[in-house]
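Architecture at a glance
One-letter residues, chain by chain:
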Amino acid sequence: MAFRRRNKSYPFFSQEFLIQNHADIVFSLVIFILIGLMFEATAKTAILFIQPQYNVTTLSPEGEVTLYHYGWKDSATILFYFFIAIILHAVVQEYLLDKVNRRLHLSKSKNTKFNESGQLGVFHLVSSVWSFYVLITEGYLLHPSLWENYPHVNLRFQVKFFYLTQLAYWLHALPELYFQKVRKEEIPRQLKYICLYLLHIAAAYLLNLTRVGVVLLFLQYVSELGFHIARLFYFTDENHQKAFNMWAVSFVFTRMVTLTLMFLAVGFGLARVENQGLDLEMGNFNSVLIRMTVLLLVCLTQSWLLWKFIRFQLKRWREFRHEQAIRKKAAAKQPLRPLKRDSLGNHENGVLKAENGASPRIKKLKSP
């Protein structure tokens, strides 16, 4: 299975060979793990990579329900889906984005941003639909008490699998900076948001704040999906700029809702539940210090995002005003050309308007 056209062969284990064939190498590792399921001696080890671990069967009014909690074995599952994310990244790049790039003929800088928005647009679309499905099926929208019965140690399969795949995707984005040969000036910006996603998702998963985390991820992914769709349309036609205005409204709305929801759930909700204090065995992290740390982290992140957004909008407004001022000055400097008249008082086109709306006389001057 070849993901990229090979115009030139490189020495084995060289840098270019690794970059060109990284998806094929990872695909071979995935096949190797899947083959391990076929043999009894290796099936138990292979299942650690594919299926979420730490399942507990409990009785409920609906019957037996299998729930999951987290542990160190989750790292093996995250590693497997880390490989899957690299393969899917290569598939989207090769069979979708590269074909569009050949038709658009973008510059290198725009090509990099187009690929970034294309990859993240697909991921945010899938994740927003998936997170919305989790919110509906788990009843988080019908019963919006996100802090009730904390700590939420035991999770359903779809909730745990959602968090594991989210961590795997954002971890895979780190080596993709190397595989995709991202420009040096673009790396710090992308590293910032990748690390922020990893930090917030891991904190929600490890601190058993998974209900609040799913709601916030849904809001964030919908907002970012709008941004990347707007940027993709802009690259196809630079006249499509109205979508950015819609995204700007959703961006500010998402920041406000995120701050409000965190203060309600963590600042007020968790402060009133019965389980107070720190208990690592029970998975209870409901102490004043941890609550204040989580609130501070979220507030600083949202404030930083708003500050960047406001600075960017002010910069665009200043550039627009500067361009308008230059155009006005250029128009004012252009002198009006006076109409030239010949010896008979006619305009240089030979037409002299008559008074009282009469038809003009057309006179042609004969050359001497």
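Residues numbered from 1 in each chain as written. Predicted model: local features only at pLDDT ≥ 70, side-chain atom pairs only at ≥ 80, totals over all residues. Heavy atoms only, no water.

1. A few points about the overall build of the chain
- From N to C terminus, the chain includes nine helices and six strands.
- Split into buried and exposed, the 368 residues of the chain put 39% on the buried side.
- Considering only contacts within the chain whose residues lie at least 6 apart along the sequence, 66% involve residues at least 24 apart.
- Working note: accessible area of the chain is about 23,500 Å², and carbon and sulfur atoms make up 64% of it. (Helix = DSSP H or I, 4+ residues; strand = E, 2+ residues; numbered from the N terminus. Buried < 20%, exposed > 50% of the residue type's maximum accessible area, 1.4 Å probe, protein only. Contact = heavy atoms within 4.5 Å. Areas by Shrake-Rupley, 256 points an atom, 1.4 Å probe, with all protein chains shown as cover.)

2. Section: the packing of helix α1 (residues 15–36) against helix α3 (residues 74–104)
- Where α1 contacts α3, the two axes come as close as 9 Å, and the packing angle between them is 140°. By the angle between their directions, the pair α1 and α3 is classed as oblique. α1 and α3 meet at a crossing whose hand is left-handed. Contact with α1, carried on its side by His-22, Ala-23, Val-26, Phe-27, Leu-29, Val-30, Ile-33 and Leu-34, involves Phe-80, Phe-83, Ile-84, Ile-86, Ile-87 and Ala-90 of α3 and no other residues of that element. (Axes fitted to C-alpha atoms, helices over the stretch in contact; angles between N-to-C directions. Parallel < 35°, antiparallel > 145°, perpendicular 65-115°, else oblique. Left-handed = near helix turned anticlockwise from the far one by under 90°.)

3. Observations concerning unusual backbone geometry
- The omega angle of the peptide bond from Tyr-150 to Pro-151 is 5°, so this bond is cis rather than trans.
- For Pro-151, the position within the fold is in the loop between α4 (108–137) and α5 (157–179).
- The backbone of His-105 sits at a positive phi, close to 55°, despite the residue not being glycine.
- Relative to the elements of secondary structure, His-105 occurs in the loop between α3 and α4.
- Despite not being glycine, Lys-181 shows a phi value in the positive range, around 55°.

4. Concerning the pattern of salt bridges
- Scanning the entire structure with this criterion turns up eight salt bridges.
- Measuring nitrogen to oxygen at the nearest pair gives 3.1 Å for the salt bridge that ties Lys-181 to Glu-16. You can see Lys-181 sitting in the loop between α5 and α6 (187–206) and its partner Glu-16 sitting in helix α1, a full 165 residues away along the chain.
- Of the residues examined, Glu-16 reaches a relative accessible area of 29% and is grouped as partly exposed.
- The salt bridge partner of Arg-189 is Glu-116, with a shortest N-O separation of 2.8 Å. One end of the pair, Arg-189, is in helix α6; the other, Glu-116, is in helix α4, with 73 residues separating them in the sequence. (Salt bridge = Lys/Arg side-chain N within 4 Å of Asp/Glu carboxyl O.)

5. Considering a nonpolar patch on the surface
- A cluster of nonpolar residues, Ile-31, Leu-34, Ile-35, Leu-37, Met-38, Phe-39 and Ile-47, forms a patch on the protein surface that exposes about 610 Å² of accessible area.
- If one sorts the elements of the nonpolar patch by residue count, α1 sits on top with three residues.
- Here Leu-37 lies in the loop between α1 and α2 (40–50).
- When its relative accessible area of 36% is taken as the criterion, Leu-37 is described as partly exposed. (Patch = residues over 30% accessible without salt bridge, like charges linked within 9 Å, V, L, I, M, F, W, Y side chains within 5 Å.)

6. Some thoughts on the packing of aromatic side chains
- What the rule picks out here adds up to 27 aromatic pairs.
- Centroid distance Tyr-178 to Phe-179: 5.7 Å. Interplanar angle 55°. Geometry classified as tilted.
- Taking relative accessible area as the criterion, Phe-179 reaches 14% and is therefore assigned buried.
- Their ring planes at 25° and their centres at 4.8 Å tell us that Phe-251 and Phe-309 sit as a pair that is stacked. Of this pair, Phe-251 sits in helix α8 (residues 242–272) while Phe-309 sits in helix α9 (residues 288–333); the two residues are 58 residues apart in sequence, bridging distant segments of the chain. (Phe/Tyr/Trp six-rings, centres within 6.5 Å; stacked < 30°, edge-to-face > 60°.)

7. As for the side chain of His-89
- Topologically, His-89 is positioned in helix α3.
- Given the relative accessible area of 10%, His-89 is considered buried.
- Apart from the residues lying within four places of it in its own chain, the contact partners of His-89 are Gln-119, His-172, Glu-176 and Gln-180.

8. What about the nonpolar core?
- In terms of nonpolar packing, the biggest core is built from 59 residues, with Tyr-163, Trp-170, Ile-194, Ile-201, Tyr-221 and Met-262 touching the most fellow members.
- At 11 residues, α5 tops the list of elements feeding residues into this core.
- Among all residues touching Trp-170, those that are not within four sequence positions of it are Leu-120, Phe-123, His-124, Tyr-193, Ile-194, Tyr-197, Leu-198, Ile-201 and Tyr-221.
- Judged by nonpolar contacts, the second largest core, of nine residues, contains Phe-227, Leu-305, Leu-306 and Phe-309. (Core = buried A, V, L, I, M, F, W, Y, C linked by side-chain atoms within 4.5 Å.)

9. Focus: α9
- The first and last C-alpha atoms of α9 sit 67 Å apart over 46 residues, in line with the 68 Å expected at 1.5 Å per residue.
- When we look at burial in α9, the residues that qualify are Arg-291, Val-294, Leu-295, Val-298, Thr-301, Gln-302, Leu-305, Leu-306 and Phe-309. (Expected span 1.5 Å × (residues − 1).)

10. Digging into the confidence of the model for the chain
- Within the chain, residue pLDDT values average 85, and 88% of them lie at 70 or more.
- Here residues 347–368 is modelled with pLDDT under 50, and outside its nearest four sequence neighbours on either side it reaches 21 contacts, counting other chains as well. (pLDDT = per-residue confidence, 0-100.)

11. Focus on the packing of α5 against helix α7 (residues 210–236)
- Contact pair α5 / α7: the axes reach a minimum separation of 11 Å and the direction vectors enclose 55°. By the angle between their axes, α5 is oblique relative to α7. Considering only the axes of α5 and α7, their crossing is left-handed. Facing α5, whose interface residues are Val-159, Phe-162, Tyr-163, Gln-166 and Trp-170, α7 presents Thr-210, Gly-213, Val-214, Leu-217 and Tyr-221.
- Grouping the constituent residues of the contact of α5 with α7 by class yields seven nonpolar, three polar and no charged. (Nonpolar A, V, L, I, M, F, W, Y, C, P; charged D, E, K, R; others polar.)

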